[in-house]
Amino acid sequence: MNALVLQNPGMASIETVPEPVLDEGVLLKVRMVGLCGSDLNSFRGLNPLVSFPRILGHEVCATVVQGDSYLPAGTDVALLPYTSCGRCASCRRGRPNACQFNQTLGVQRDGALTQFIVMPREKLYPARLTPEELCFVEPLTIGFHAVARGRVTADDVVAVFGCGGVGLGAIAGSNCRGARTICVDVDDDKLEVAHAVGGSHTINSTRESLHDRLLELTGGRGPDVVIEAVGKPGTFRAAVEEVAFAGRVVYIGYAKEPVSYETRLFVQKELDVLGSRNAQPEDFHAVVHLLESAKFPVDQAVSLIVPLEKAAHALRSWSENPSRFKKILVSVD
Ligand SMILES: [Zn+2]
Ligand SMILES: [Zn+2]
């Protein structure tokens, strides 16, 4: 069967690889795969977790080939692309999403940009959704999980910094919980999508004062919860500077360099500073529910759909012009 293999940074090509052997688990035919910023980082050699050669792909729509009465052949599924060891401190605390020894599909082990894969049945989420929608399940769960970490309720005003794929999930998740959500980005196109997925207000921080606008929108207090989905030192700092006293800060962005802080704000404001990584099964159920109720405009969030043969080319053009695409989907069948 064919697969998109990343041989080394910048070198992706279609190769023939052996079909998977079904010993235990469920045999799936891959239908469509989404590419996100972490795939782009792997392609650019900026993802320290990835090893080579590697088949990419962790945002997946697949169809059951060989199932049972509970999950019959022909069922379309999204899948949870992480592993958990069951023994580390995170796993013992019931938080396998933060497993110390996690191996994500397409990062530490071969992923889904190929024709067939085998997955454990407990990692499959059947849903009556289109392939495009199913590819959005996993990326949206990341933001939903951050909203859960921030204990967001309908009484909160939430600011989401960064309206890329991860930020959009946080906006949709915050909106699902009834919170008023302020979306911040430097790109008007992204802010438009942010508004369409449930953002109440938008701030373009290149044109407007982030500080002044946040105060204006929160009666002078600042947001109760700030979710950082950018990963830059400036936004890491702005999160603790702008959040309200006794507020919560949730970091999903992976900072690529050290960040220096005015740590007095942690104490003075008595902040909850929280990390958020991957997602839990309940986040998958919540996102499937959101998509099934057609409350997320998937079409608006997709920039390009290409066949598997063109996936390497798409990655190259995305790498050359990162702001040009929001979400690229690869159609495998
Ligand atoms: Zn992703
Ligand atoms: Zn573990």
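Just so we're clear, the structure is a prediction, and the values are computed from it rather than from any experiment. (Residues numbered from 1 in each chain as written. Chains lettered and ligands numbered in written order. Predicted model: local features only at pLDDT ≥ 70, side-chain atom pairs only at ≥ 80, totals over all residues. Heavy atoms only, no water.)

Looking at this model, I keep getting lost on the coordination of the zinc ion (ligand 1). Mind explaining?
Distances from the zinc ion (ligand 1) to its protein donors, Cys36 (SG), His58 (NE2) and Glu59 (OE), fall at 2.1 to 2.2 Å. Counting gaps between the donor residues of the zinc ion (ligand 1) yields the pattern C-x21-H-E. Assessed through its relative accessible area of 5%, histidine 58 is described here as buried. Looking at glutamate 59, the relative accessible area reads 1%, which means it is buried. (Donors = N, O, S within 2.8 Å, 3.2 Å for Na, K, Ca; no water. Buried < 20%, exposed > 50% of the residue type's maximum accessible area, 1.4 Å probe, protein only.)

I keep staring at the coordination of the zinc ion (ligand 2) and nothing clicks. Help me out?
Ideal geometry at a metal gives 109.5 degrees between four tetrahedral donors and either 90 or 180 degrees between six octahedral ones. Around the zinc ion (ligand 2), the protein contributes the donor atoms Cys85 (SG), Cys88 (SG), Cys91 (SG) and Cys99 (SG), which lie 2.3 to 2.4 Å from the metal centre. The site at the zinc ion (ligand 2) holds four donor atoms, and with the angles between them running 103 to 118°, its shape is tetrahedral. The sequence pattern describing where the donors of the zinc ion (ligand 2) fall on their chain is C-x2-C-x2-C-x7-C. One end of the pair, cysteine 88, is in the loop between β6 (76-79) and α2 (89-92); the other, cysteine 99, is in the loop between α2 and β7 (116-119), and 11 residues separate them in sequence. For the residue pair cysteine 88 and cysteine 99, the accessibility class agrees, reading buried in each case. (Tetrahedral: all angles 85-135°; square planar, octahedral: opposite > 155°, others 65-115°. Helix = DSSP H or I, 4+ residues; strand = E, 2+ residues; numbered from the N terminus.)

Just to check I follow, could you spell out the packing of aromatic side chains for this structure?
Remark: the centre distance and the inter-plane angle together describe each pair of aromatic rings, the angle taken between the planes. Applying the stated criterion to the full structure yields four aromatic pairs. Summarising the aromatic geometry, the rings of phenylalanine 136 and phenylalanine 296 are spaced 6.0 Å apart at their centres and angled 45° between planes, so their arrangement reads as tilted. You can see phenylalanine 136 sitting in helix α3 (residues 131-149) and its partner phenylalanine 296 sitting in the loop between α9 (281-292) and α10 (298-301), a full 160 residues away along the chain. Phenylalanine 136 sits in the buried class, given a relative accessible area of 5%. (Phe/Tyr/Trp six-rings, centres within 6.5 Å; stacked < 30°, edge-to-face > 60°.)

Would you explain unusual backbone geometry in this entry?
Glycine aside, a negative phi is what most residues show, and trans is what most peptide bonds show. In this chain, phenylalanine 52 is followed by proline 53 through a cis amide linkage whose omega measures -10°. Relative to the helices and strands, proline 53 resides in the loop between α1 (37-43) and β4 (54-55). Even without a glycine there, the phi angle at alanine 246 is positive, about 60°. Relative to the helices and strands, alanine 246 is located in the loop between α7 (233-242) and β13 (248-251). Note on alanine 246: relative accessible area 55%, which makes it exposed. One non-glycine residue, asparagine 278, lies in positive phi territory at about 50°. Positionally, asparagine 278 belongs in the loop between β14 (272-275) and α9.

Can you help me understand α7 in this one?
An α-helical segment advances 3.6 residues per turn. Residues three or four places apart therefore align on the same side. Across the 10 residues that make up α7, a large majority, seven, are buried. When we look at burial in α7, the residues that qualify are Pro233, Thr235, Phe236, Ala238, Ala239, Val240 and Glu242. Each element contacted by the buried residues of α7 is listed here: β9 (157-161), α6 (210-217), β12 (225-228), β13 and α8 (264-268). (Contact = heavy atoms within 4.5 Å.)

Would you mind showing me how to read the sheet that holds strand β11 (residues 201-204) here?
The strands making up a sheet associate through hydrogen bonds between their backbones, and the pairing can be parallel or antiparallel. If you trace the six strands from one edge of the open sheet to the other, you get β11-β10-β9-β12-β13-β14, paired in parallel fashion. One side of each edge strand has no neighbouring strand; the edge strands of this open sheet are β11 and β14. With strand direction ignored, the average angle separating the axes of adjacent strands in the sheet is 15°. With four bridges joining them, β13 and β14 adopt parallel strand pairing. Bridging from a neighbouring strand, arginine 248 pairs with aspartate 272 of β14. Contacts from α6 reach β9, β10 (180-185) and β11, with the element oriented near 165° to β11. (Pairing = 2+ DSSP bridges. Axes fitted to C-alpha atoms, helices over the stretch in contact; angles between N-to-C directions.)

It is not clear to me how the pairing of β10 should be interpreted in this structure. Could you clarify?
Looking along a regular strand, one sees side chains alternate from face to face of the sheet. The element β10 is largely enclosed, with a buried count of five among its six residues. The parallel pair β9 and β10 is bridged by helix α4 (residues 165-176), and the resulting crossover is right-handed. Sheet analysis places β10 next to β11, joined by four bridges and oriented parallel. Within β11, the position partnered with aspartate 185 by the bridge is asparagine 204. Remark: the β10/helix α5 (residues 188-196)/β11 crossover connection has right-handed handedness. (Right-handed = clockwise from strand over helix to strand, strands pointing away.)

Please clarify how the sheet that holds strand β2 (residues 11-16) should be interpreted in this entry.
Read across the sheet, three strands follow the order β2-β1-β4 without closing on themselves; strand pairing throughout is antiparallel. Both edges of this open sheet fall to β2 and β4, since each of them pairs with a single strand only. Relative to β2, strand β1 (residues 2-8) runs antiparallel, the two sharing six bridges. The residue bridging valine 5 from the neighbouring strand is serine 13, located in β2.

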